[in-house]
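# Survey of secondary and tertiary structure
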Amino acid sequence: MMEYLQGESHRPGRIEVVCGSMFSGKTEELIRRLKRAKFAKQRVEIFKPSLDTRYSDVDVVSHDQNAIPSTPIDSSSSILLLAGDNEVIGIDEAQFLDEGLVDVCNQLANRGVRVIIAGLDMDFRGIPFGPMPALCAIADEVTKVHAICVKCGSLAYLSHRLIKNDKRVLLGETGEYEPLCRECYRKAVEEENSQP
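The notes below deal with the structure included here. Computed from a predicted model, the values in this text were never measured in an experiment.

### What to know about helix 4 (residues 101-110)
- Within helix 4 the residues assigned to the buried category are Leu101, Val102, Val104, Cys105, Leu108 and Ala109. Considered in projection along helix 4, the buried side chains sweep an arc of 165° and stay on one side of the axis.
- For helix 4, the elements touching its buried residues are strand 1 (14-20), helix 3 (77-82), strand 6 (88-91), strand 7 (114-120) and helix 5 (132-138).
- Where helix 4 ends, the next residue or the one after it, glycine 112, has phi of about 95°, a positive value.

### Focus: the sheet that holds strand 7
- Spatial ordering of the open sheet is given by 5-2-6-7-1-8, a layout of six strands whose pairing is parallel. Unpaired on one side and paired on the other, strand 5 (71-73) and strand 8 (141-145) mark the two borders of the sheet. Going across the sheet, the axis of each strand differs from the next one's by a mean of 20°, ignoring polarity.
- In this structure, strand 6 lies alongside strand 7, joined through four bridges in parallel fashion. Residue pairing for strand 7: valine 88 is matched across the bridge by arginine 114.
- Strands in contact with helix 2 (residues 26-39) are strand 1, strand 2 (44-49), strand 6, strand 7 and strand 8; relative to strand 7, the strand with the most contacts, it is inclined by about 165°.

### A short note on unusual backbone geometry
- In the Ramachandran plot, phenylalanine 23 falls in the positive-phi region, its phi being about 65° despite a non-glycine side chain.
- One non-glycine residue, lysine 41, lies in the positive phi region at around 65°.
- Relative to the elements of secondary structure, lysine 41 occurs in the loop between helix 2 and strand 2.
- A residue is classified by how much of its surface remains accessible, and lysine 41, at 73% relative accessible area, is exposed.

### So, the nonpolar core
- Counting 23 residues, the largest nonpolar core has Ile79, Ile91, Ile117 and Leu135 as the members making the most contacts within it.
- The element best represented in this core is helix 4, accounting for six residues.
- Residues contacting isoleucine 117, with those up to four places away along its chain left out, are Ile15, Glu16, Val17, Val18, Ile91, Ala94, Cys105, Met132 and Leu135.

### Brief notes about the pairing of strand 1
- When you tally the buried positions in strand 1, you get six out of seven residues, the bulk of the element.
- Relative to strand 7, strand 1 runs parallel, the two sharing seven bridges. Residue isoleucine 15 lies in a different strand from strand 7, and its bridge partner there is valine 115.
- Where strand 1 meets strand 8, five bridges bridge the pair, whose relative direction is parallel. Looking across to strand 8, one finds that glycine 20 is bridged to valine 145.

### Some points on the packing of aromatic side chains
- For the structure on display, the rule yields one aromatic pair.
- Consider the rings of phenylalanine 96 and phenylalanine 129, whose centres lie 5.9 Å apart with planes at 85°: the pair is edge-to-face. Of this pair, phenylalanine 96 sits in the loop between strand 6 and helix 4 while phenylalanine 129 is found in the loop between strand 7 and helix 5, placing the two residues 33 residues apart along the sequence.
- Above the ring of phenylalanine 124, the side-chain terminus of arginine 161 is found at 3.7 Å from the ring centroid.

### A short note on the environment of leucine 162
- Inspection of the secondary structure puts leucine 162 in the loop between strand 9 (158-161) and strand 10 (177-180).
- Taking the C-alpha atoms as reference points, leucine 162 and phenylalanine 124, 38 residues apart in sequence, are found 9.6 Å from one another.

### Structural notes on the pattern of salt bridges
- Applying the stated criterion to the full structure yields 13 salt bridges.
- Across the pair arginine 32 and glutamate 29 runs a salt bridge, and its minimum N-O distance is 2.8 Å. Of this pair, arginine 32 and glutamate 29 both sit in helix 2, three residues apart, which is roughly one turn of that helix.
- For arginine 32, a relative accessible area of 40% translates into the label partly exposed.
- Owing to a relative accessible area of 16%, glutamate 29 belongs among the buried residues under this scheme.
- One connected set of salt bridges, linked through shared partners, spans Arg14, Glu16, Glu29, Arg32, Arg33, Arg114 and Glu141.

About the thresholds
Residues numbered from 1 in each chain as written. Predicted model: local features only at pLDDT ≥ 70, side-chain atom pairs only at ≥ 80, totals over all residues. Heavy atoms only, no water. Buried < 20%, exposed > 50% of the residue type's maximum accessible area, 1.4 Å probe, protein only. Helix = DSSP H or I, 4+ residues; strand = E, 2+ residues; numbered from the N terminus. Arc of directions from axis to C-beta. Contact = heavy atoms within 4.5 Å. Pairing = 2+ DSSP bridges. Axes fitted to C-alpha atoms, helices over the stretch in contact; angles between N-to-C directions. Core = buried A, V, L, I, M, F, W, Y, C linked by side-chain atoms within 4.5 Å. Phe/Tyr/Trp six-rings, centres within 6.5 Å; stacked < 30°, edge-to-face > 60°. Lys NZ or Arg CZ within 6 Å of the ring centre and 35° of its normal. Salt bridge = Lys/Arg side-chain N within 4 Å of Asp/Glu carboxyl O.

Shape descriptors only; they carry no functional weight alone.
Quick look at the structure:
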């Protein structure tokens, strides 16, 4: 019994990644894990890219309007400067941060911090997005969550962009993106390419 309690007083660092398409519940899951840590009286800090101002300039907010206060940052190096003695670090929309995030997360985990990251694993073209592939590779645990394809009801593969814009980073919601399965995405792209 004492061995179990001893293990609870020493929390080894770890990296947890929650990834998937838009509307799959990534931020919802991040908020759930962070609120549980706060309820357990652990010291928690949450970061998000400062460019993500869709619902709030400072809070991390899910599409369902669940929110948790956060610190907006411009680069991953800011996380190390602001992490302090927190036991749990949450990072939302990690795909918008720089590649240095991988090293930052490793440093934190090696110091005994639990790092929970949420982000899109692929962009609207189906290309792995930002530091997310590398974060999935170094993670102790990866949870891939899925939205439901709005065309056929299968598990969604990625976020299909509804408006004509080739910029890789384009903040949006249901008016700009829809979750599609692989087959429905392929059909949508073929249809778009056949239009003049």
